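Letter by letter, the chains look like this.
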Amino acid sequence: MDIVALGEPLAEFAAVERGSLDEVFTFRRGWGGDTSNVVVAAARLGASAGYITRVGDDAFGRAFLRLWEQEGVDTSRVVVDPEAVTGVYFIARSDRGHSFTYYRAGSAASRLRPGDLDPAYLSQARVVHTSGITQAISPTAREAAAAAMDMARRSGVLVSYDLNLRPRLAPVTRLRALVADAVPRADIVFLSEEDAAHLDDRRPAPAVAADLCACGPRLVVLKRGAAGCLVVAAAGGRWEVPSWPVEVVDATGAGDAFDAGFLVEWLRGAPPEAAARLATAVGALAASGLGAVAPLPTRADVEKFMAQHANSRTKGGTE
């Protein structure tokens, strides 16, 4: 397969009305979880993908299995755990932005462990992807993420890692230690400006990205939202790629969609700047609809969007 990811799926309830969670009554059910979003987005873009996780033996776990199968994501390494539930989160939208409420403690995904990994399965992937959220949800999931990265590297498989730092899951000092452990194991590292601030709020995000690139990855990709992205290469390249014009409805999962777009295009042989250009388009389209998965675009959607808006962007970058 092109991409195999491991991590935490979460059932999603996105408020249809605007307001705080205690004020709204109508929700749209969907799917979320950063690494699950990546494999679904990659599959819609035409890549082959597989997922490693645990889901509960419950309605939400069964819904996830149907989703992945419908999207063409291989589920042969998904464990149905009869002793735990599938995690859930709620999204509320207001003039102040989005707020998230999670019910994930003790979830099936948090029971992911190294024993759930099959080295042969990982070795046939072209990229293995995981994240800081996977590391932070439990000690056993952290061990599984580290083991997967090590198995991939021993097999010559590229490792992709998104920091996705969430202070709700662990103290910032602990999150920084997780990053320090994972980044040297990775070939491609993704982070947001918020992630960069959690690592070091005294320095600009591009400097933080450059520091991470010096730790061993081939590429570090800084996602900057409306400002586009910055790609830093260990070999010395540096590319600034602008964003695309889009009306943002819900940015949930847009960064995960970006990751998928970049990886899929990179695997097709595109240079970093071209991979980043497509990734920003994928992320923009993902942010134009409600929920993490529902608005994820197909390859045809992305190519049509890029063609329509090609003249509204200016090419940037240096090598």
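Residues numbered from 1 in each chain as written. Predicted model: local features only at pLDDT ≥ 70, side-chain atom pairs only at ≥ 80, totals over all residues. Heavy atoms only, no water.

Here we take up the side chain of Thr 86. Locating Thr 86 in the fold gives a position in the loop between strand 5 (73-81) and strand 6 (87-94). Only 2.9 Å separates the side chain of Thr 86 from the backbone nitrogen of Gly 56, close enough to count as a polar contact. Apart from the residues lying within four places of it in its own chain, the contact partners of Thr 86 are Pro 9, Val 55, Gly 56, Asp 58, Phe 60, Gly 61 and Phe 64. (Helix = DSSP H or I, 4+ residues; strand = E, 2+ residues; numbered from the N terminus. Polar contact = N/O pair within 3.5 Å; in protein donor to acceptor, adjacent residues only side chain to side chain. Contact = heavy atoms within 4.5 Å.)

So, about the nonpolar core. With 54 residues, the main nonpolar core has Trp 68, Val 231, Phe 262 and Val 302 as its most contacted residues. Top element by residues in this core is helix 10 (residues 272-286). It accounts for 9 residues. Not counting chain neighbours up to four residues away, the residues in contact with Val 231 comprise Leu 219, Val 220, Val 221, Gly 237, Arg 238, Trp 239, Phe 262, Pro 272 and Ala 276. Grouped together as the second largest cluster of nonpolar side chains are 45 residues, Ala 109, Met 151, Leu 165 and Leu 191 included. (Core = buried A, V, L, I, M, F, W, Y, C linked by side-chain atoms within 4.5 Å. Buried < 20%, exposed > 50% of the residue type's maximum accessible area, 1.4 Å probe, protein only.)

Once that is clear, we can look at the packing of helix 1 (residues 34-44) against helix 2 (residues 59-71). As a packed pair, helix 1 and helix 2 sit with axes 9 Å apart at the nearest point and diverge in direction by 25 degrees. With respect to their mutual orientation, helix 1 and helix 2 come out roughly parallel. Between helix 1 and helix 2, the residues in contact are Ser 36, Val 40, Ala 43 and Arg 44 and Phe 64, Leu 67, Trp 68 and Glu 71, respectively. Counted by class, the contact of helix 1 with helix 2 contains 5 nonpolar, 1 polar and 2 charged residues. (Axes fitted to C-alpha atoms, helices over the stretch in contact; angles between N-to-C directions. Parallel < 35°, antiparallel > 145°, perpendicular 65-115°, else oblique. Nonpolar A, V, L, I, M, F, W, Y, C, P; charged D, E, K, R; others polar.)

What follows concerns the layout of surface pockets. What the largest pocket holds in volume is close to 1,200 Å³. Along its surface, the largest pocket is lined by 45 residues, and Arg 166, Ala 251, Gly 253, Ala 254 and Gly 255 are the ones closest to its centre. Those elements giving two or more residues to the lining of the largest pocket turn out to be helix 1, strand 7 (97-103), helix 7 (193-199), helix 9 (254-267) and helix 10. Among the residues forming the lining of the largest pocket, the class breakdown is 19 nonpolar, 14 polar and 12 charged. (1 Å grid on protein atoms, 1.4 Å probe; cavity = no way out; pocket = protein on both sides within 12 Å on 5 of 7 lines; lining within 4 Å. Points joined across faces, edges and corners; volume = space filled by probe spheres on them.)

With that settled, the discussion passes to the environment of Leu 191. The residue Leu 191 is located in strand 10 (residues 188-192) in this model. Take Leu 191: its relative accessible area is 0%, and that puts it in the buried class. Linking Leu 191 and Asn 164, residues 27 residues apart in sequence, is a C-alpha distance of 6.7 Å. Leaving out residues up to four positions away in the same chain, Leu 191 has contacts with Asp 162, Leu 163, Ala 196, Ala 209, Leu 212, Val 220, Val 221, Leu 222 and Lys 223.

Any functional reading would require information that these geometric values do not contain.
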